[in-house]
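Okay, here's what each chain looks like letter by letter:
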Amino acid sequence: MKDWSTNILSNEHLHVRCCTHIVNLIVCDGLKEMNVSVVKIRNAIRFMRSSSSRLLAFKKCAEKLHIKCKKSLCLDVTTRWNSTYLMLEAAEKFEKVFVRLGQSEPRYVSYFLEVNSKGNKKT
């Protein structure tokens, strides 16, 4: 690289970022644009996973709607951007279940009235 005419300061201060770090920065910026939607999906999954009876009701509803998906609902981890993708991918498969529960489960609907856009319960 020293023979390249485009080198600055003969590569003495060369800094190359890790490709995965660059991808992570891009994904984080993109997720900021969709933050409200991601928070709503995260809260829906958090509600379902917060109790074994809710999770069982969710699975029964998925069976009634003939959804043949082996994936389970998972929450994302802030330090792993691909976990947000995995969370959204699984939630998308169960979209009809979330809609049905929103129509038939009063606790599900009231839960979202109590939760603000940051995912915290209002006090």
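Residues numbered from 1 in each chain as written. Predicted model: local features only at pLDDT ≥ 70, side-chain atom pairs only at ≥ 80, totals over all residues. Heavy atoms only, no water.

## Observations concerning the overall build of the protein chain
Then, number 1: Secondary structure summary: the protein chain contains 6 helices and 0 strands in total.
Then, number 2: In sequence order, the protein chain lays out its α and β elements as α-α-α-α-α-α.
Then, number 3: Burial analysis of the protein chain (123 residues in total) assigns 24% to the buried set.
Then, number 4: Long-range contacts, defined as pairs at least 24 residues apart, comprise 65% of the intrachain contacts of the protein chain with a sequence gap of at least 6.
Then, number 5: Just so you have it, the protein chain exposes about 9500 Å², and 57% of that area is on carbon and sulfur atoms. (Helix = DSSP H or I, 4+ residues; strand = E, 2+ residues; numbered from the N terminus. Buried < 20%, exposed > 50% of the residue type's maximum accessible area, 1.4 Å probe, protein only. Contact = heavy atoms within 4.5 Å. Areas by Shrake-Rupley, 256 points an atom, 1.4 Å probe, with all protein chains shown as cover.)

## Some points on the nonpolar core
Then, number 1: Core analysis: the largest hydrophobic core is formed by 19 residues, its most contacted members being Met48, Phe58, Phe94, Val97 and Phe98.
Then, number 2: Looking at this core, the elements that each hand over two or more residues are helix H2 (35-49), helix H3 (52-64), helix H4 (81-93), helix H5 (95-104) and helix H6 (106-114).
Then, number 3: Contact partners of phenylalanine 94, with chain neighbours within four places excluded, come to Phe58, Ala62, Ile67, Cys69, Lys71 and Leu73. (Core = buried A, V, L, I, M, F, W, Y, C linked by side-chain atoms within 4.5 Å.)

## Comments concerning the pattern of salt bridges
Then, number 1: With the rule as written, the count across this model stands at 4 salt bridges.
Then, number 2: Between lysine 32 and aspartate 29 there is a salt bridge; the shortest N-O distance is 3.9 Å. On the criterion of helical spacing, the pair formed by lysine 32 and aspartate 29 is a turn pair, its members being 3 residues apart in helix H1 (residues 19-33).
Then, number 3: Look at lysine 32 and you get exposed, because its relative accessible area is 62%.
Then, number 4: Its relative accessible area of 47% is what places aspartate 29 among the partly exposed residues.
Then, number 5: One salt bridge connects aspartate 76 with arginine 42, and the closest N-O pair in it is separated by 2.8 Å. Remark: arginine 42 occurs in helix H2 and aspartate 76 occurs in the loop between H3 and H4; sequence separation between them is 34 residues. (Salt bridge = Lys/Arg side-chain N within 4 Å of Asp/Glu carboxyl O.)

## Overview of unusual backbone geometry
Trans is the common state for peptide bonds, and a negative phi is the common state for residues other than glycine.
Then, number 1: Despite not being glycine, histidine 66 shows a phi value in the positive range, around 60 degrees.
Then, number 2: Considering the arrangement of structural elements, one finds histidine 66 in the loop between H3 and H4.
Then, number 3: Among the residues examined, histidine 66 registers a relative accessible area of 62% and is labelled exposed.

## A look at the environment of serine 72
Then, number 1: Note that serine 72 resides in the loop between H3 and H4.
Then, number 2: Counting along the chain gives 19 residues from serine 72 to alanine 91, while the straight-line C-alpha distance between them is 8.6 Å.

## Some words on empty space enclosed by the protein
Then, number 1: All chains considered together, the criterion is met by 1 cavity of 30 Å³ or more.
Then, number 2: Considered as a void within the structure, the largest cavity measures approximately 40 Å³ in volume.
Then, number 3: Phe47, Met48, Arg54, Ala57, Leu101, Glu105 and Arg107 are the residues that line the largest cavity.
Then, number 4: Broken down by secondary-structure element, the contributors of at least two residues to the lining of the largest cavity are H2 and H3.
Then, number 5: Here the residues of the lining of the largest cavity sort into 4 nonpolar, no polar and 3 charged. (1 Å grid on protein atoms, 1.4 Å probe; cavity = no way out; pocket = protein on both sides within 12 Å on 5 of 7 lines; lining within 4 Å. Points joined across faces, edges and corners; volume = space filled by probe spheres on them. Nonpolar A, V, L, I, M, F, W, Y, C, P; charged D, E, K, R; others polar.)

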